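Summary of structural features
The lines below spell out each chain.
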Amino acid sequence: MTLGLPSISKSREAQRSDEFLLIGKNTRSTSLGLGFWLPGIWMFFLLFTVIFADILPIQSPTESDFSNLKSRPNLTYWLGTDVLARDIFSRVIYGARVSLTVAFLAPVFGMIIGLGLGMLAGYFKGIAESSIMGLIDIILAFPNIVLAMVILFFAGADIINLIVVLTVTSIPANTRIARASTLSYSEREFVLAARAQGASDLRILLYEILPNILLPNLAYILSFMSIIIMIEGSLSFLGVGIPPPTPTWGGMIAEGFADINTDPHLSFMPASVLFLTVLSLNLIGDCFRRRYAIRESSL
Amino acid sequence: MLIYIRRKLLHSIPIIFAVTLLSFLSVNLLPGDVAETIAGIGTDNAVMDETVVQDIREDLGLDRPVVVRYLSWLGYAVRGELGKSYQTGQSVSEAIALRLPVTIQLLLMAQILAILLAIPAGIFSAYRAGKLPDRVITTLAFSFLAAPSFIVAISLAFIFAVLLNWFPATGYVQFSEDLIGNIKSFTLPALALALIEWPILCRVLRNDLISTLQEDFISLAKAKGLRPFHILFRHALRPSSFTLITIVGIQLGNLISGAVIVESIFALPGLGSLLVASIHSREILMVQGIVSLMAVAYVVINLVVDILYGALDPRILR
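Residues numbered from 1 in each chain as written. Chains lettered and ligands numbered in written order. Predicted model: local features only at pLDDT ≥ 70, side-chain atom pairs only at ≥ 80, totals over all residues.

Quick word on the overall build of chain A
Along its length, chain A carries 11 helices and zero strands. N-terminal to C-terminal, the α/β element order of chain A is α-α-α-α-α-α-α-α-α-α-α. Taking all 299 residues of chain A together, the buried fraction comes to 45%. Taking the contacts inside chain A whose residues are at least 6 apart along the sequence as the reference set, 69% of them involve residues at least 24 apart. (Helix = DSSP H or I, 4+ residues; strand = E, 2+ residues; numbered from the N terminus. Buried ≥ 20, exposed ≤ 12 C-beta atoms within 10 Å, placed from the backbone. Contact = placed C-beta atoms within 7 Å.)

So this is what it looks like as structure tokens:
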């Protein structure tokens, strides 16, 4: 799913009213500033190494080189080596596979389900709306990390369950956004016109409403991805995510935390990568949101 | 007002039933025999005794239908009986009662710190909206939004406990034992939670303040020659703080999630670390009890916040 950058731009006033972040001076014009390109380059670099990790000349993430135990970053080991003398750089890259796979799939599934539920709630109102929003309130009553921990504990911690759990946690926000935008579109003239022509509810939802609310919903997906990366990191940090030996960012940070007095780089190298990735996704997501999202106040 | 409260109650009560039902049912997701898992078979402190397993079966009435079991569990739960750990013999409610004050103190301190950070930051950036101070504050807030609680927590532990040695990295001092030590042991965990919480509060406050500052009564205050400080804190802050109050309730879920992590990192004996420990030692009834308590607390606190909100801002009563 590539979003691309079509040159649709809102009026200047509309853009200004959405603004929250003012990084870079170009945010008011249609061009994308450093706030887009720097994180874009970081994400490109990360995705490239993650996809081609098997071909690229990097060390093995699981092999130990005991002559270099817990070594500081150097030319051979760019980010140093960990407690078992494994290359941190390569572990970060392989760890990104789990984080990025989960972070991509869960929000996408969450958005599909959320779009469906939100459209039903916003279009039919009445009982459909109150039961769907009740369901959302039930999910929200469980703090997301607690919910994920408990389900993974009861159902087993593998990547499928992890994706399912994180999909569930991303349903509420997606549903709310979809419902808010459906509410505003379902009263519009073209919907009335379609109804007057005898179009069925399903047809109206799929052909009249969905194309209009898709972009505002997609605008949020990068922010959801960054949240999922944080939750996945927290879960593996607590030792309830994907179990070792598969490298995960959270797992590496937790492993290194025991030695934070003597070798802080064990934790801080993967932590910085995680932080930069989340920050990049937020920055890029913010650019999209400023262009395409509906006003947050209407949620 | 009464109608408003009734509407909110009618919405919350089914949700309370649903969340307790879900917490109760989660046990049934487990593969294998529930009674055997509760006995801890397959863990280090296994009670490898068939009579114990039989006892558990009888205690929990596993042969009865789910609905009956749920209702009787709920009946006991309301009276504070959540079962006991069959591994250590400790009652779940006792363990919770022992740990709950720690978590409440942590959440309160974190919330206060977050508000103390967010209000000046929000006011200052709304007052200078679009100017340099606003940009510095919003950029800072934005970076903290990208930092998961565990990274903030280990960074704080590294800076203040390892490098500067100002605060203890781990350990908990009881309130009654040593007040200063108690506050010291809570400072870093609470600060870690506050640092991830304040950007959201700051953002909400800033947006509300910007629109309040365009109201006529603010122009009047300015025309009267009042100092900007006085206008911001005495005139503009109160009408702009309604969304802030609801957000404090909604953010509680995030805060509890954060508390689970922060308590584990700083070894605070709260509910969160108890939950993590119970998960690792597969103490199902403990997990069930803690999770239902957290979910019900979330719903009840949000109900209270909603009602308070109605009392503060009568416009939403309709």
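Text resumes after the structure shown.
Describing the overall build of chain B
A tally of regular secondary structure across chain B gives 14 helices and zero strands. Its helices and strands taken in sequence order, chain B reads α-α-α-α-α-α-α-α-α-α-α-α-α-α from the N to the C terminus. Counting across all 318 residues of chain B, residues that qualify as buried make up 38%. For chain B, the proportion of contacts with a sequence separation of at least 24, taken over those separated by at least 6, is 72%.

A word on the interface of chain A and chain B
Across the boundary between the two partners, chain A contributes 38 residues, which contact 41 residues of chain B. When contributions to the side of chain A that touches chain B are tallied by element, the ones reaching two or more residues are α4 (126–141), α5 (144–155), α9 (221–237), α10 (249–257) and α11 (265–292) of chain A. Among the elements that line the side of chain A that touches chain B, the one with the most residues is α5(A), at eight residues. Residue composition of the side of chain A that touches chain B, by class: 29 nonpolar, eight polar and one charged. (Nonpolar A, V, L, I, M, F, W, Y, C, P; charged D, E, K, R; others polar.)

Focus: the confidence of the model for chain A
Residue and element names in this part refer to chain A. Taken as a whole, chain A shows an average pLDDT of 77; of its residues, 78% reach a score of 70 or greater. The secondary-structure element of chain A with the lowest mean pLDDT is helix α1 (residues 12–18), recorded at 40, while helix α6 (residues 159–185) shows the highest, at 88. Here residues 1–29 is a poorly scored stretch, pLDDT under 50, and it has 33 contacts once near neighbours within four places are set aside; other chains count. (pLDDT = per-residue confidence, 0-100.)

Section: the packing of α4(A) against helix α1 (residues 2–26) of chain B
One way to put it is that α4(A) packs onto α1(B) with a least axis distance of 10 Å and a crossing angle of 55°. If you check the angle between α4(A) and α1(B), you find them oblique. Crossing angle aside, the handedness with which α4(A) passes α1(B) is right-handed. Contacts between α4(A) and α1(B) pair A:Gly134, A:Asp137, A:Ile138 and A:Ala141 from the former with B:Pro14, B:Ile15, B:Ala18 and B:Val19 from the latter. Residues belonging to the contact of α4(A) with α1(B) are distributed by class as follows: six nonpolar, one polar and one charged. (Axes fitted to C-alpha atoms, helices over the stretch in contact; angles between N-to-C directions. Parallel < 35°, antiparallel > 145°, perpendicular 65-115°, else oblique. Left-handed = near helix turned anticlockwise from the far one by under 90°.)

Observations concerning helix α4 (residues 66–78) of chain B
The end-to-end C-alpha separation of α4(B) is 18 Å, in line with the 18 Å expected for 13 residues at 1.5 Å each. B:Gly80 sits one or two positions beyond α4(B) and adopts a positive phi of about 85°. (Expected span 1.5 Å × (residues − 1).)

Some words on the packing of helix α5 (residues 92–127) of chain B against helix α14 (residues 284–312) of chain B
Residue and element names in this part refer to chain B. It is the contact of α5 with α14, at a shortest axis distance of 10 Å, that shows an interaxial angle of 50°. When the axis of α5 is compared with that of α14, the two are oblique. At the point where α5 passes α14, the crossing takes the right-handed sense. Across from Val92, Ala95 and Ile96 in α5, the residues of α14 making contact are Leu285, Met286, Gly289, Ile290 and Leu293. Looking at side-chain class alone, the contact of α5 with α14 contains seven nonpolar, one polar and no charged residues.

Here's the deal with unusual backbone geometry
One non-glycine residue, A:Lys125, adopts positive backbone phi at about 55°. Looking at the secondary structure, you find A:Lys125 in the loop between α3 (88–124) and α4. For B:Ala267, which is not a glycine, the phi torsion comes out positive at approximately 55°. Relative to the elements of secondary structure, B:Ala267 occurs in the loop between α12 (252–265) and α13 (271–280).

Points about the environment of B:Gln111
Residues and elements named next belong to chain B. Structurally, Gln111 is set in helix α5. Look at Gln111 and you get partly exposed, because 19 C-beta atoms sit within 10 Å. For the pair Gln111 and Arg206, spaced 95 residues apart in sequence, the C-alpha to C-alpha distance is 18 Å.

Describing the environment of A:Ile145
Positionally, A:Ile145 belongs in helix α5. Expressed as a C-alpha distance, the spacing of A:Ile145 and A:Leu276, which sit 131 residues apart in the sequence, is 21 Å. Ignoring anything within four residues of it in the chain, the contact list for A:Ile145 reads A:Ile231, A:Ser234, A:Leu235, B:Ser257, B:Val260 and B:Ile261.

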